[in-house]
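# Summary of the model geometry
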Amino acid sequence: MNQKPETRNQKPAATALICDIQRFSIHDGPGIRTTVFFKGCNLRCLWCQNPEAMKFENELVFSEERCILCGECQSACPNGAIIINDHPHINRESCKGQFACTLVCPSKALEPAAKQYSVTELVTELLKDVDYYGPEGGVTLSGGEPMLKTGFLTKLLPVLKEKKIHVAVETCGYFDWEKAEPLLKMVNLVLFDIKAVTPELHQRLTGKDNTPIKNNLVNVIRAGISRQIRMPVVPGMNDSEEELEAVALFLKDAGESSVHLLPYHRMWESKLKKLHDTIKPLGIASLGEEELIKKAETFGRKGFEVIFQA
Amino acid sequence: MNNLSQRIISLKADIQNSPRSICIERARLLTEFYRDLSLPDDPAVVTRAKAVSYILERMPVIIYPGELITGAISSKRNSAMLYPEFSSLAMLPEIRMIGKRKTNAFHISGKDIDLFEKSIFPYWVSRTVGACAINGIISKSFGGRLMLGLGTIFTRAFMMLPGSFRGFFFSRVKVEPEKVVIGMKSFEPFRLFSLYGVYVLTEFAGISHITPDYGLLIEKGVSGIVKEINLRLAGEADKKKRDFYSAALIALSGVLRFAERYATEAKRLADDGKDAERKKELLSVAENCSTVPLNPPGSFQQALQSIWLTHLALYQENYDNAISFGRMDQHLYPLYRKGIESGEITPESAREMLQCFWLKICEFLPFYPGKFNEYFSGLLTSQGVCVGGIDEEGRDATNELSHLILDSVSDLATPLPNLYARFHKATPEAFRKNVYSSVSSGSPHPSLYNDDVIVPALVKAGCSPEDSRDYAPLGCVEPNPQGKTMGATDSALVNLPLCLELALNNGKSLLLKDRIGPETGDIDDFTDMDDVVNAFRLQTEHVVKMMVDGTNLLGETHRDYYPAPLLSSFIDGPGEKGLDVTAGGAKYNFTGVQGVGVADVADSLAAIDWLVYQEKKISLSELAGIVRNNFNGREDIRQLILNKAPRYGRDDEPGNRYAKLVAGIYSDEVTKHKNPRGGIYIPGFYSVTAHIAFGKYVSGLPSGRLSGMPLSNGITPAAESSDRGPTAFLNSVSSVDFAQAANGVNLQMGLDPVIINNKQGFELFDLLVNGYFKKGGMQIQFNALTPEMLRNAQANPGEYKWLTVRVAGYCAYFADLSKEAQDEIIARLSRH
Ligand code: SF4
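What counts, and at which threshold
Residues numbered from 1 in each chain as written. Chains lettered and ligands numbered in written order. Predicted model: local features only at pLDDT ≥ 70, side-chain atom pairs only at ≥ 80, totals over all residues. Heavy atoms only, no water. Helix = DSSP H or I, 4+ residues; strand = E, 2+ residues; numbered from the N terminus. Rg over C-alpha atoms; globule rule 2.2 N^0.38 Å. Buried < 20%, exposed > 50% of the residue type's maximum accessible area, 1.4 Å probe, protein only. Contact = heavy atoms within 4.5 Å. Areas by Shrake-Rupley, 256 points an atom, 1.4 Å probe, with all protein chains shown as cover. Lys, Arg positive; Asp, Glu negative; His and termini not counted. Charge placed at Lys NZ, Arg CZ, Asp CG, Glu CD. Pairing = 2+ DSSP bridges. Arc of directions from axis to C-beta. Axes fitted to C-alpha atoms, helices over the stretch in contact; angles between N-to-C directions. Parallel < 35°, antiparallel > 145°, perpendicular 65-115°, else oblique. Left-handed = near helix turned anticlockwise from the far one by under 90°. Nonpolar A, V, L, I, M, F, W, Y, C, P; charged D, E, K, R; others polar.

## Notes on the overall build of chain A
Each helix and strand in chain A was counted, giving 11 helices and 13 strands. The C-alpha radius of gyration of chain A comes to 20 Å, within 12% of the 19 Å expected for a compact globule of 310 residues. Per-residue burial for chain A yields a buried fraction of 55% across its 310 residues. The long-range fraction of contacts in chain A, counting pairs at least 24 apart against all pairs at least 6 apart in sequence, stands at 71%. Only carbon and sulfur atoms are counted for the fraction: they give 51% of the accessible area of chain A, which is about 13,700 Å². Placing the 38 positive and 40 negative side-chain charges of chain A at their respective mean positions leaves the two points 4 Å apart.

Rendered as structure tokens:
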């Protein structure tokens, strides 16, 4: 079982595809932060909150509510993939991802999911809020899976370090440790997500085997990297008593004594109709605070410090 | 209300439950004096002093139950006084309907209406500041007193109409004295004003907007001031100066008699009273009023009483708007300490006294004739109190009283006083936290001011570093060295987007259907951005010049007809120079005039630059055609601009650069000019509610804003441009060069409940404010209510009668705002 996850962008890369740069983030780590959402991830969690960041390739996002039916996209598309009658129909099969329509669309109804950024361009954005970060805030690298962009990060992190900017990484844990280790040692905080420890369950929920994730989690702990272990609690998916216990046991064995629980939100489902994908809505209600507190008891009994996040 | 004493709760309820009315007493006494008793040989300044004294000796003396600080501005609570010599005559057309108007209805009795129509109006119609100014133009042109003649004929004709017909006549014809103008070049400044959409000149209504030296009042008492004037008078040979000193003495004697009348009344009530506790209180009120303002106060309560009686007296001379209190935490601190140390007061009793004082400020309302309600919605008197900041040497001056004042205002939850908190690099954390906690509790107080930007701005405007450090904001947001400055801070508001419209239409306005500005060229001949910007600059230059000419004329009229000897006695300078404040007596003289709609012009220029000259999607003429047509049939272009063009507020370089440029152009034009008091004009960027009123006169703009819609508020980015979050928003604003904006700016920020409810609460708040101030932000204020709550209040005004919100540099009851102003506040909160 010593498989290595596939990774992309292994050479120092000049640019990276970035879905969004969210300024004034106050939920992804301490203080005021700017969060960078890289595009592409190897997992396919059924509840992924950022489905537009899953694929490695860029894709077309269509927000129909913004459309003013001007017809510009229809004329601009070189592949005849857009037909407008009472509302625009995008033939995703004919779409070759050239994004001509996004250039002409006046209302941002059609947009590429991500844009290419060079390290310099990204740093410029990240420095804009440097006066607001304060001693604890800074930059959060998220996604998608940021630790797959090792080439890009190799150039980015030293610049941020030199500017004394606090860097947090939000990861699903599915990455190549050897490549990631030197980078993780440069960041100030790792927000490490664990979805499930039972291998079959993990495979079913995320499409991947969790061996590398467990190994990496242990590696992070052993390396003494400052971290927060976080678990999204998704009703009916990974929140059975047994699974929670199993996670608690695993973390305990790994030497961890605190865990952040993230309640499931269903907001992401509204993004689905904008994308061309086979992802299905889960149809599960968001998890309330009281239920989350109940789930936390399992960890509490095992002596964990449990922290709730929004 | 949890922290309020029973006394304060009932005083507050008494005020809020009093019906709104008009008090005609001041107007009656003033008319009586000027018409029947003034001496033709007296210089204007002496006549003015005698008139003020006459009023102070006769105005009603009322002590309300339970109050510890006493003094009533008029015969009724919750009433508005009239200033017939300034702008009150303009209410004539609507006087019979005023009780029924939709927003801001006022009760006035039939008897008082009669008095107004038959006696007050006819006497003053040819003697208002506006009429005198126009008369001045005519005299200069024709060498005659034609206007006085016109006024008389006009009045006679008016009086011949039957009463109800009169109201009808005026509601249809809408004659206003200042609008009786002829198409002459020298009338141009007033003609443009009478269009209402180019600029608003407010000195028609009086000047006020000043912070008297209440520190000096506490230190020396009126007796000390009188002694000094007497000494100067004795050594003065110059007739004009002697007149001025004599006038000041007459006016000050009026103040003293006014106080004596209160002492007598308090004594009488004490003697008549049954309640032993109240008797004791009244006796101490009587004692206070016989001690102050004559002498320096001996106690905290006397200090408040001294300031209050003086303040009221000043309003008999100067219209009731924005005479502010300055740095009360500094003025009152020595007596506060003394009282605490001697055990005479406790923080709790001091808090109650302060709240009694604040409630006195809430007791009266300004009266605006119909049209002006749109520009100054919310019935504000904008009387402010400042806390925190550095002292004259630059050390932190925050003290216990700063906290106590903050808490007492915040707990009271009334729109007044307008509370300003000064911040600087070393403001103690405890004070910052207290400010944030007040703001995030839903109180609209205080607004925040950055010493590190304002002090250098004042120094640049010509004030000494020591005096600049001792500034206090006044009115809405205007920082002036306190007690030393005749800042005339609210003299005019200028419609900047209209200047852009003129630039794009060769001097013509589409909605005013008139030529307003010079011919600055056909846009078909424009070849680059420089041409566009230059045309805007030339139009702004013209409009500013006209605004200045009009304002200067009004300023001279105040000086020549209605000087302010009483106010002059509480400002540093007039004593030494022997000159009234209206004549340049003050140590510092400015005229503050506001540029409205910076964001709209900036976004428009950025859109033109991007669309026409960068992306070359469309020619300037095509764009101008689309805009003139209000984007009809071209929503695609409008969406393109709104979504993809650079904008101020989104922290992109062009948006920020154009905002800085627009503010800079206006500032450069303004600071070229001098006022009749020997000072310069200085720019401010706040709009009260004029951005809504001005918007009605501006057609569609290249920014994507549609014809007739509100303009942007103060220096705040436009509504659509704040979608990049608070840090981008604040970065954009701080890219404006505030060192030029010495008259103050207003930034409105809706406070996202996410910030307030976040666990990190105050830290986030602190990071935002510190970051913004560090980057050069000048001022900021918050509204922490939720949109739902306000929508509810809009639907059920009855239940939310006392809901206070921050409008634009001041606070108001939500229910008093026009529907548009309410909508704007809701929209502001729905963003970020
Ligand atoms: S260009 Fe954009 S707004 Fe126009 S029809 Fe296409 S999607 Fe709609």
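Alright, that's what it looks like, and here's the rest.
## Brief notes about the pairing of strand 15 (residues 588-596) of chain B
Residues and elements named next belong to chain B. Most of strand 15 sits out of view: 9 of its 9 residues are buried. Pairing between strand 11 (residues 485-486) and strand 15: 2 bridges, direction parallel. Residue pairing for strand 15: M486 is matched across the bridge by N589. Note: strand 12 (residues 492-495) against strand 15, 4 bridges, orientation parallel. Counted as the bridge partner of N495 is V596 from strand 15. For strand 15 and strand 16 (residues 680-684), the ladder comprises 5 bridges, and the chain directions are parallel. Looking across to strand 16, one finds that Q594 is bridged to G684.

## Here's the deal with helix 26 (residues 620-628) of chain B
Residue and element names in this part refer to chain B. For helix 26, the full list of buried residues reads L620, L623, A624, I626 and V627. Looking down the long axis of helix 26, one finds its buried residues gathered within 160° of arc, a one-sided arrangement. The inward-facing, buried residues of helix 26 contact helix 22 (529-561), helix 25 (598-614) and helix 27 (635-644). Phi for N630, located one or two positions after helix 26, is positive at around 55°.

## Regarding the packing of helix 25 of chain B against helix 27 of chain B
All names here are of chain B. Running from N to C, helix 25 and helix 27 point in directions that differ by 110°, and their axes come no closer than 10 Å. Here helix 25 is positioned roughly perpendicular relative to helix 27, judged by the angle of their axes. For the pair helix 25 and helix 27, the crossing hand works out as right-handed. Of the residues in helix 27, those touching helix 25 at A607, W610 and L611 are I637, L640, I641 and K644. Partitioning the contact of helix 25 with helix 27 into residue classes produces 6 nonpolar, no polar and 1 charged.

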